[in-house]
Amino acid sequence: MDNLGTWIVWPILLPLIAIIPIFLRKRSGAANVSLVTAAAIVLAVAGLARQVLTNGEQSHAVGGWDAPLGIMLHADGLSVFMLMMTAIVGAITSIYAAGYRFQGGGDSGSSSGYFFWPLSMFLWAALNVLFLAADIFNLYIGLELLSLAAVALVTLERKRDATVAGMRYLLASFLGSLAYLLGVALLYTAFGTLDLELLGARIQPDLPTAVAIMLITLGTALKTALFPLHFWLPPAHGSAPTPVSALLSALVVKASFYLLLRLWFEVFPAALTPAIAQMLGLLGAIGILWGSFLALRQHKLKALVAFSTVAQVGYLFLLFPLASTSAGWGVDAWSGGVYHAFAHACAKAAMFMAAGTLAYAIGSDQLDHLAGTFQHYPFSVTALTLAGVSLMGLPPSGGFIGKWLLLNSALASGQWWFALVILTGSLLATGYVTMVLSHILLRPPDAAPIEPRNTRVSFTLEFAALLLALIALGLGLAATPMLALLRIGMPFTGY
Amino acid sequence: MELSALIPLLVLASSILPSLLIFFLGEDRARLRIWLYLGAEIVKLLLVVFMLEGIYLGQSYETRIPLLPGVDFLLRANALAMLFLMLSAGLWLVTTIYAIGYMEELPYHGRFYGFFGLSVTSTAGLALAGNLFTFYFFYETLTLATYPLVVHRQTREALAAGRTYMRYAVAGGALLLLGVVWLQSLVGPVEFTEGGSLVGRNLNTSALVAIFALMIAGLGVKTALFPLHGWLPMAMIAPAPVSALVHAVAVVKAGAFGIVRVVYEVFGLGLCRQLGVLFPLSLVASTTIIYGSLRALVQDDLKRRLAYSTVSQLSYIVLGVAIVGTASTIGGIVHLMHQGIMKITLFFCAGILAHTLGITRISEMDGVGRRMPATMVAFSIAVFGMIGLPPFAGFISKWYLGMGAVEAGQIWSVAVLITSTLLNMAYFLPIVYAAWFKVPAVPFTEKLPPGRFETGPLLLAPALTTALLTLLFGLFAASDFSPLQWSALIAERELTTQPEVLGP
C-alpha cells in the first residue's frame, strides 16, 4: 500500500470533520461523536507512526501543489511524538469530559458542557496542524486557531474568575501571536519563502533576521509561559473547567514550545549562540524554582497544580543550553527535553483530572477540605500520586527518563549549575506532592466519615485519570522504542 | 531467554506480581490475600536458595534489558548480592507472619500488604542490581513503596513523619543520582565488579573524591549516618511490622548495602585507599556509633531507643567497610545479616508489648518478664547479641571488626568499639533487668482476650524464630553455610583480585 502517504492528513481532517455532526446532532450525541472521532484519530496517528518508523520522514503536498505554492505537511519523529502525546491526552480527556458535569448548565449534554465538544475538536485540529506544518505561516495559522479555541474553552463555564483569567489569557496569547507574525513577515520579506527547509538554507545573519528571531522567540515564550512571562498561566489553568485545564497544561503550552524547538534547531540554529542559549536556560531554571516555590504556597489544589506547570515548563527550556553547546550530548538533552514534555503532558493531565474529581466530589478545592477523600476516591488519589511520581522525576516514570537524559547532558557538558537546578526542582516537587498527599490522606480526627457533596462521582472520571497516570508511569519503561521514534529526522547528524 | 537470565526476573516477579494483584482484591478477601502472599514468599525463598547454591558453585545469573541508549537495566547475582537477597527474602516471610497477627485492628490491609510487597521487591532489586543505574532505580522505588507504609495510620503525626521521610529520602536520592550521573559521564555505565570497576582507569582524583562523597552522602541518608539520621526516629510512627522491616532490611540496610557496593565493587578498596576517603568515612561511622548510643541512652520510649540503637549499629557495617583488611570486611558484611535478625527481634518484641499490654515506654516494663516470659527471652537474646556477648551472632560481628581494626593498626577504632559496647550495655541491660527482676508498679492492662499463649501465636513465633537464629548464627558460625562463612567467601572474592590492597 504505497498510497498510505495520506495517513498524514487524517489527524487534521478527522477532528474538523467531526465538528459538523457535532453541530448537527446537537446536545445528546456530541459526546459520542467526539469519542468515536477520538478513537479514529488515535488510529490515524498510530498508522502515521508506523509509517514513519518503517519508511522514515513523510512529506505530503496538500492538493498536489508543491512548495512554495501549496501547503506542505511534514512528519518526522518529533512531529509524530507530539501527535501521539496529543492523541493520548486528547482521547483520555474526552473520556473524562464525557463523565464530567460542567457548571452553569447541568451535564455534558447542555449548554456550557455542549460547547466543550466542538471547541476541543477544534483545538485538537489546530494542534495537529501545528505539529505537521512544514512552513512558518501554517505554523502561525495553527498557533492562532489554538489560541482562539483555548481562550473560549477557559471561559466555558461563564464564571467570573474564569472570565477574567480568560481575558488576560486572550491578551497574552494574541500579543504572543502578533509578535510571532511580525517575525514571520520580516523573514518572508528578507528571504522570500515560508518553507521551513528552504528558509533554513537561505537564512543570513543580519539585523532584520535577528529582530525577527527575537520577536518569534518572545512571542512563543510568552505563550509557553516561560518565566517571567508566565503571569497569565496559573489563573487561566487554575480556573478553567477541569478537562480544559488538563488540555491546556498538557498540550497547549507544549505547542508553542514545539514551535520554538523547530525554529531554533532547524531554521536558525546558527543564531543559537551560547549567550542566548544560556539566557533561555536561565529563565527556565528560574521558572522551575519560582513555579515550585509558589506551588508550595498555594491553598487550592488546582492552583497548586497550575503553578507546578510553570515549574515543569522550565525544564523544557533547559534543553536549549544543554543541546546547543555540547555536540556529543546534544541528542541526550534534546530527546530528554522532548521526553519530559510527553511525560509531563500525561502526568499533568492526570493530576488535573484527579484534582478536579476530588474538588467536584467535595464541592471545594481548598487543600484543608480534602481530608478523608482517600476513603471515597482511592483511584483518583492513586492517579494523583502516580502522576506526582512522574513530576518528581523518580523511577519508574516517564519524568525520570527525561530528567536522567537532561541531567546526563548537563554533567557531561560541564554545565553543573543546571544539574543542581534539575535536582532542586525534584526536591521542591516532592515537597508539594507530599503536601497535597498529607492533606488528602489525613483521616478526619472525629473518625466520622466525610459527607461528600456528590458521592456519585462517575467512575469514568476516576478511570480516565488513573489510565493517564499509568501511561505517564509506563513511559519510564518504554523509553527505548520511544526514543528510537524520536530520532527519525532529528536535527543532529551522526546518530 | 536462558534459565540463568530468567531467574533474577522471576525473583522480582515473585513479589511484585502478588503485590500488584493484592491491590485489586477486595478488602474482605483476607484469606485469599494471605495464601497468595505466603505462596509467593515460599516460591521466592526456593528461588533464592536455588540461586544460592548456583552462586556457591560458580554459576552466574544475569538479566540485561536495555532501557535507554547506553543504559541497561541489569540484574546480576554474586555472593554479596545473595547475602542481602537471602536476608530480604527470609525476613519478608517472618515479618509477614508477624504482620498477619498484628494488623488485624488496622484498616486497609490490601494497601498495606501491597506496598509491603513492593518494598520487599525493591530490596530484592537492590540486592540484584548489577550496575549503578539499576541500583539507583530501586533505591528510589524503595522510597516510594515505603512512604505509604510510614503514613499508614493516616494521623497528623504519621503524615508529618511521612513528609520528613520523603524530604530526607528524596534529597538522598538526588545526591546519589548526581554522583551516579557524574561518574557515568566520566567513564560510561558503571557495573559492579568484584574488586572494583574503576580499577586501572586513570581519572581525575578530585572528581573521584567528590563523586565518592556524593554517593556516600546519598546512601548515608538511608543508612542514617550522622547527621543525616533525622528521619529515622520520626518514622517510628509506622505500625510495628513496618518498623521491623525498615530497621532490619528494607530502608536502612539498602543504604548500608549500597555503601558496601560502592566501596568494594565500584571504587575498589585499593582506589578508595589511594583517594584517602576511607579515613573520613571511618570517622563518620565512629561518630555515628557513639552519637546513636548516647541518644539511645536518654530515650524512654522503647521504639525510639531501638531506633537510635539502629543508627548506632548500622555504622558498624560502615566502619567495617572503612577499615582496610580481610577481618574487618568480613565483620562489616556479616553484620548486614546479624544486625538484621537481632534488630528485627527487638522490634517484634516491642510490637508485642504494645499490642498485648499497651506498653510503649521503658518505664512501664518493670516485671513484664513474668507476664510474658517467651517474649522477654527473645528480647534478652537479641539484646545480648546487640551488646556482643558470646555465643550470640553480634559477638561474631564485633570480634571480626575488632580483629580487623587491630590488624590495620587503627587502635582508636577498637576504642570506639569498646566504648560503644559499654554504651550498649548501659542502654539495653537496664531494660532486661527491669523486665525480669523488678516488680510491676501497677497491674498490666490486657488489650487482648486471654489465650493459650502469652500473646497471639503469630506474633510470638516470628520473634522466637529470629531470636533462635541470633543464637544459631553465633553458635554455628564455623559451619559451612553460616552467614559468617558466606561473608568470608564474599571477602575472598572482593579482595583477592587486588592482593596488594591488603599490604601496609
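Residues numbered from 1 in each chain as written. Chains lettered and ligands numbered in written order. Predicted model: local features only at pLDDT ≥ 70, side-chain atom pairs only at ≥ 80, totals over all residues. Heavy atoms only, no water.

A. Region of interest: the overall build of chain B. Secondary structure assignment for chain B yields 20 helices and two strands. Its C-alpha radius of gyration of 22 Å places chain B within 12% of the 23 Å reference for a compact globule of 504 residues. Its C-alpha atoms put chain B at 70 × 55 × 45 Å along the principal axes. Buried residues in chain B amount to 64% of all 504 residues. At a minimum sequence separation of 6, the contacts of chain B that also span at least 24 residues come to 81%. (Helix = DSSP H or I, 4+ residues; strand = E, 2+ residues; numbered from the N terminus. Rg over C-alpha atoms; globule rule 2.2 N^0.38 Å. Buried < 20%, exposed > 50% of the residue type's maximum accessible area, 1.4 Å probe, protein only. Contact = heavy atoms within 4.5 Å.)

B. Quick peek at the pattern of salt bridges. Evaluated as defined, the whole model comprises 10 salt bridges over all chains. Note that D76 of chain A and R262 of chain A form a salt bridge whose closest N and O atoms lie 2.7 Å from each other. Within this pair, whereas D76 of chain A is found in the loop between β2 (71-75) and α2 (77-99), its partner R262 of chain A is found in helix α9 (residues 242-267), the two being separated by 186 residues in sequence. R262 of chain A carries the same exposure label as D76 of chain A, and that label is buried. Across the pair E62 of chain B and R76 of chain B runs a salt bridge whose closest N-O atoms are separated by 3.1 Å. Of this pair, E62 of chain B sits in strand β1 (residues 61-68) while R76 of chain B sits in strand β2 (residues 71-77), and the two are 14 residues apart along the sequence. Exposure remark for E62 of chain B: the relative accessible area of 30% places this residue in the partly exposed category. (Salt bridge = Lys/Arg side-chain N within 4 Å of Asp/Glu carboxyl O.)

C. Main features of the pairing of β2 of chain A. All names here are of chain A. With respect to burial, β2 is a largely interior element, four of its five residues being buried. Of the strand pairs in this sheet, strand β1 (residues 58-62) and β2 are connected by five bridges, and their pairing is antiparallel. Among the inter-strand pairings, V62 is bridged to a residue of β2, identified as I71. (Pairing = 2+ DSSP bridges.)

D. Up close: the packing of aromatic side chains. As enumerated under the stated definition, the model contains 50 aromatic pairs over all chains in all. Ring centres of F81 of chain A and Y339 of chain A lie 6.0 Å apart, and the angle between their planes is 40°; on these two criteria the pair is classed as tilted. Note that F81 of chain A is positioned in helix α2 and Y339 of chain A in helix α12 (residues 327-362), a separation of 258 residues in sequence. For the pair formed by F81 of chain A and Y339 of chain A, the shared burial category is buried. Ring-pair connections join several aromatic residues into one group, and the members of that group are F400 and W404 of chain A together with F73, F133, Y136, F137 and F138 of chain B. For K222 of chain B, the ring lying beneath its charged end belongs to Y139 of chain B, and the centroid distance is 3.7 Å. (Phe/Tyr/Trp six-rings, centres within 6.5 Å; stacked < 30°, edge-to-face > 60°. Lys NZ or Arg CZ within 6 Å of the ring centre and 35° of its normal.)

E. Spotlight on empty space enclosed by the protein. All names here are of chain A. Following the criterion strictly, the structure yields five cavities of 30 Å³ or more and no others. When its volume is computed, the largest cavity comes out at roughly 80 Å³. Lining of the largest cavity is provided by L143, L146, S147, Y169, S173, K223, W232, V252 and S256. Breaking the lining of the largest cavity down by element, the ones donating at least two residues are α4 (136-154), α5 (160-191) and α9. (1 Å grid on protein atoms, 1.4 Å probe; cavity = no way out; pocket = protein on both sides within 12 Å on 5 of 7 lines; lining within 4 Å. Points joined across faces, edges and corners; volume = space filled by probe spheres on them.)

F. Spotlight on the interface of chain B and chain A. With 34 residues of chain B at the interface, the matching set in chain A holds 35 residues. Carbon and sulfur atoms supply 76% of the area buried between chain B and chain A, which totals about 3100 Å² over both sides. Area buried by chain B at its contact with chain A is led by L68, Q154 and R163 of chain B, which between them contribute 17% of it. For the interface between chain B and chain A, the tally reads three residue pairs in polar contact (both at pLDDT 80 or more). (Buried area = accessible area lost by both parts, 1.4 Å probe. Polar contact = N/O pair within 3.5 Å; in protein donor to acceptor, adjacent residues only side chain to side chain.)

G. Spatial organisation of the environment of N204 of chain B. Residues and elements named next belong to chain B. Examined against the element boundaries, N204 turns out to sit in the loop between α6 (156-187) and α7 (205-223). For the pair N204 and L186, spaced 18 residues apart in the sequence, the C-alpha separation amounts to 9.4 Å. Polar side-chain contacts of N204 include one of 3.0 Å to the side chain of S206.

H. Focus on the layout of surface pockets. Residue and element names in this part refer to chain A. Taken as a whole, the largest pocket encloses approximately 1800 Å³ of empty space. Of the residues in the lining of the largest pocket, the class split is 37 nonpolar, 10 polar and two charged. In this structure, the second largest pocket occupies an estimated 590 Å³ of space. Lining the second largest pocket we find 28 residues, and of these Q103, K159, K302, A359 and D365 sit closest to its centre. (Nonpolar A, V, L, I, M, F, W, Y, C, P; charged D, E, K, R; others polar.)

I. Layout of unusual backbone geometry. Looking along the chain, the bond that leaves F226 of chain B and enters P227 of chain B is cis, with omega of 0°. Take P227 of chain B: it is sitting in the loop between α7 and α8 (231-234). Cis geometry is found at the peptide bond from P390 of chain B to P391 of chain B, where omega equals 5°. For P391 of chain B, the location among the structural elements is in the loop between α16 (373-387) and α17 (393-407). The backbone of A225 of chain A shows a phi angle near 65°, a positive value even though the residue is not glycine. Note that A225 of chain A resides in the loop between α7 (207-224) and α8 (233-239).

J. Just the environment of M86 of chain B, in detail. Residue and element names in this part refer to chain B. Assignment of secondary structure puts M86 in helix α3 (residues 79-102). Overall, M86 belongs to the partly exposed group, its relative accessible area being 24%. Taking C-alpha positions, M86 is 20 Å from Y264, a pair spaced 178 residues apart along the chain. When residues no more than four places from it in sequence are discounted, the contact partners of M86 are L45, V48, V49, L52 and M337.

K. Broad picture of the domain arrangement of chain B. Residue and element names in this part refer to chain B. Domains assigned within chain B are domain 1 (1-276) and domain 2 (300-504). With 48 residues of domain 1 in contact, the opposing surface of domain 2 contributes 48 residues. Across the interface of domain 1 and domain 2, roughly 4400 Å² is buried in total on both sides, 74% from carbon and sulfur atoms. By the criterion of area lost to domain 2, the three top residues of domain 1 are L83, Y98 and Y264, representing 16% of everything that side buries. One can count zero salt bridges joining domain 1 with domain 2. Where domain 1 packs against domain 2, one counts 11 residue pairs in polar contact (both at pLDDT 80 or more). (Domains from an automatic or database assignment.)

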